[in-house]
Amino acid sequence: MHAAAAAPAPQPAPHWVTSWGAAQQIPDTANELAAENWRDASLRQIVHLSLGGKQFRVRVSNAYGTAPLMLDGASVALAQAPGQAGVQAPTLRPLTFDGRASVMIPAGAEYYSDAVAMEVKPAADLAISLYFKAEPARQTSHNGARTHTFLAKGNRVMDASWADAGSVTRWYALSDVDVLAPRDAGALVAIGDSITDGYGIPPDTNTRWTDVLAARLRDNKQPLAVVNAGIGGGRLLREGLGTPLIARFDRDVLSRSGVTHALVLIGVNDFGVQHRNGPDTPADRQQLLADLKLAHRQLAERAHAHGICVIGGTITPYSGSDYYHPDAGNESDRLELNQWMRTSGVFDAVADFDAALRDPAQPSRLKKVYDSGDGLHPSLAGYRALADTVPLAALRQQCGSKK
């Protein structure tokens, strides 16, 4: 008699993983969407996915709303091309919430849509169209989309063509897109300031360092999404052009689906604003350094409690910046914090962005080829160098234990 063949081991169930996301903020006057673009109006927002899946869902945000947000219709489709309002008509699907076309999202809340049974590929451009009858009491947005959002009057969510659309380069009321992915897939959230947000890249090109890293991971067959949670002007400890990173870490990292890793690159605005706006005495500087180190420890402990590995990103040179006019004291503090990040053991790994971008002849400045021209933000070559610096081996390890 032949022994019965062993039954194949059951495959682990797939799970939700954030493929795209953005950090939320209250827009200032210059970045608010005019009320007429909310009233009986549609927004078509294009997002660039990093990980594919057989189903996906969208999370709509009213994080900073002071009253319920009424979403009166929505759809999803594959975009025709970056920077274009049209979508691929055969892929157009209604987006629903508990089977309904409209939904009320309470103040401060974010709601997931129903799952959409349509496979999306890695690096796909997804168009999410939202229809509103009225403007929100207070807007929730992401100012630095670096991508065109299209505007049209009326309920146009099921129209493939928006030939008459206006446009802005911001996202509104949109937090995440999750994909249903194999159990071995996860997500890295890169959280930081304008350098992570992609300041200076041409619109619709998806050339932030996080985009380049996502492509690098795909080339290495590493099933890890990359989510950008940068906010231009952001600080770790105090309000900047958004909530302090220490206060938004839970929403932007811990609450997202399938997150296994976080990369933190923050601090240049903490140093720069204190120096520019003063006072910036030696005692003030030492207190700021102590506060920055403590905050990084707090982030790492909270992440580890959720089984998330934390990579520390060293602060890149900015002595050539006219924005902050840093002095020798600022440079000394930057070097001290970077050395602490390398040696403290707080982080599971370090991405030494400072070493990657500094000019060997003038280590307090960006290497010319990596400088966008303002002495602070990287060029496109600089962003590529940041992506190449992230240690891929650190993105394969597991950390802590899920509570």
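Before reading on, note that the structure itself is shown above.
Everything numeric in this text was worked out from a predicted model, so none of it was measured.

1. Comments concerning the pattern of salt bridges
Here's step 1: What the rule picks out here adds up to 20 salt bridges.
Here's step 2: One salt bridge connects Arg 342 with Asp 354, and the closest N-O pair in it is separated by 3.0 Å. One end of the pair, Arg 342, is in helix H6 (residues 328–343); the other, Asp 354, is in helix H7 (residues 353–357), with twelve residues separating them in the sequence.
Here's step 3: When its relative accessible area of 30% is taken as the criterion, Arg 342 is described as partly exposed.
Here's step 4: Since its relative accessible area comes to 1%, Asp 354 is described here as buried.
Here's step 5: Shared partners join several salt bridges into a network, and the residues in it are Arg 59, Glu 110, Asp 176, Arg 248, Asp 252 and Arg 256.

2. Section: the packing of helix H4 (residues 268–277) against helix H5 (residues 282–305)
What describes two packed helices is the angle between their axes and the distance between those same axes.
Here's step 1: Where H4 contacts H5, the two axes come as close as 11 Å, and the packing angle between them is 160°. Between H4 and H5, the crossing angle belongs to the class labelled roughly antiparallel. The handedness of the crossing between H4 and H5 comes out as right-handed. Listed contacts from H5 to Asp 270, Phe 271 and Gln 274 of H4 are Asp 284, Arg 285, Leu 288, Leu 289 and Leu 292.
Here's step 2: Along the lines of polarity and charge, the residues of the contact of H4 with H5 split into four nonpolar, one polar and three charged.

3. As for the sheet that holds strand S1 (residues 15–21)
Here's step 1: Sheet architecture is open: four strands sit in the order S1-S14-S3-S8, paired in antiparallel fashion. The sheet terminates laterally at S1 and strand S8 (110–112), the two strands that pair on one side only. Neighbour-to-neighbour, the strand axes of the sheet open up by a mean angle of 25°, direction not taken into account.

4. What about unusual backbone geometry?
Here's step 1: With an omega of -5°, the peptide bond running from Gly 278 to Pro 279 counts as cis.
Here's step 2: Within the secondary structure layout, Pro 279 lies in the loop between H4 and H5.
Here's step 3: The backbone of Asp 204 sits at a positive phi, close to 70°, despite the residue not being glycine.
Here's step 4: With respect to the secondary-structure elements, Asp 204 resides in the loop between helix H1 (194–197) and helix H2 (209–219).
Here's step 5: Accessibility expressed as a relative area gives 17% for Asp 204, which makes it buried.
Here's step 6: Residue Asn 206 is not a glycine yet carries a positive backbone phi of 50°.
Here's step 7: Position of Asn 206 among the secondary structure elements: in the loop between H1 and H2.

5. Quick look at the side chain of Ser 61
Here's step 1: Checked against the element boundaries, Ser 61 lands in strand S3 (residues 56–61).
Here's step 2: A polar side-chain atom of Ser 61 sits 2.7 Å from a polar atom in the side chain of Glu 110.
Here's step 3: Dropping the residues within four chain positions of it, Ser 61 is found in contact with Gln 24, Leu 69, Ala 109, Glu 110, Thr 140, Ala 173, Leu 174 and Ser 175.

6. Remarks on the packing of aromatic side chains
Here's step 1: Under the defined criterion, the tally for this structure stands at six aromatic pairs.
Here's step 2: An angle of 80° between the planes, with centres 5.0 Å apart, marks the rings of Trp 20 and Trp 171 as edge-to-face. Here Trp 171 lies in strand S13 (residues 171–172) and Trp 20 lies in strand S1, a separation of 151 residues in the sequence. In this pair, the class of Trp 20 matches that of Trp 171, namely buried.
Here's step 3: Each member of the aromatic cluster is reached from another via a ring pair, and the members are Trp 38, Phe 132 and Tyr 172.
Here's step 4: The lysine or arginine in question, Arg 57, covers the ring of Tyr 112, its NZ or CZ lying 3.8 Å from the ring centre.
Here's step 5: Sitting over the face of the ring of Tyr 323, Arg 276 holds its NZ or CZ atom 4.8 Å from the ring centroid.

Cut-offs used in this document
Residues numbered from 1 in each chain as written. Predicted model: local features only at pLDDT ≥ 70, side-chain atom pairs only at ≥ 80, totals over all residues. Heavy atoms only, no water. Salt bridge = Lys/Arg side-chain N within 4 Å of Asp/Glu carboxyl O. Helix = DSSP H or I, 4+ residues; strand = E, 2+ residues; numbered from the N terminus. Buried < 20%, exposed > 50% of the residue type's maximum accessible area, 1.4 Å probe, protein only. Axes fitted to C-alpha atoms, helices over the stretch in contact; angles between N-to-C directions. Parallel < 35°, antiparallel > 145°, perpendicular 65-115°, else oblique. Left-handed = near helix turned anticlockwise from the far one by under 90°. Contact = heavy atoms within 4.5 Å. Nonpolar A, V, L, I, M, F, W, Y, C, P; charged D, E, K, R; others polar. Pairing = 2+ DSSP bridges. Polar contact = N/O pair within 3.5 Å; in protein donor to acceptor, adjacent residues only side chain to side chain. Phe/Tyr/Trp six-rings, centres within 6.5 Å; stacked < 30°, edge-to-face > 60°. Lys NZ or Arg CZ within 6 Å of the ring centre and 35° of its normal.

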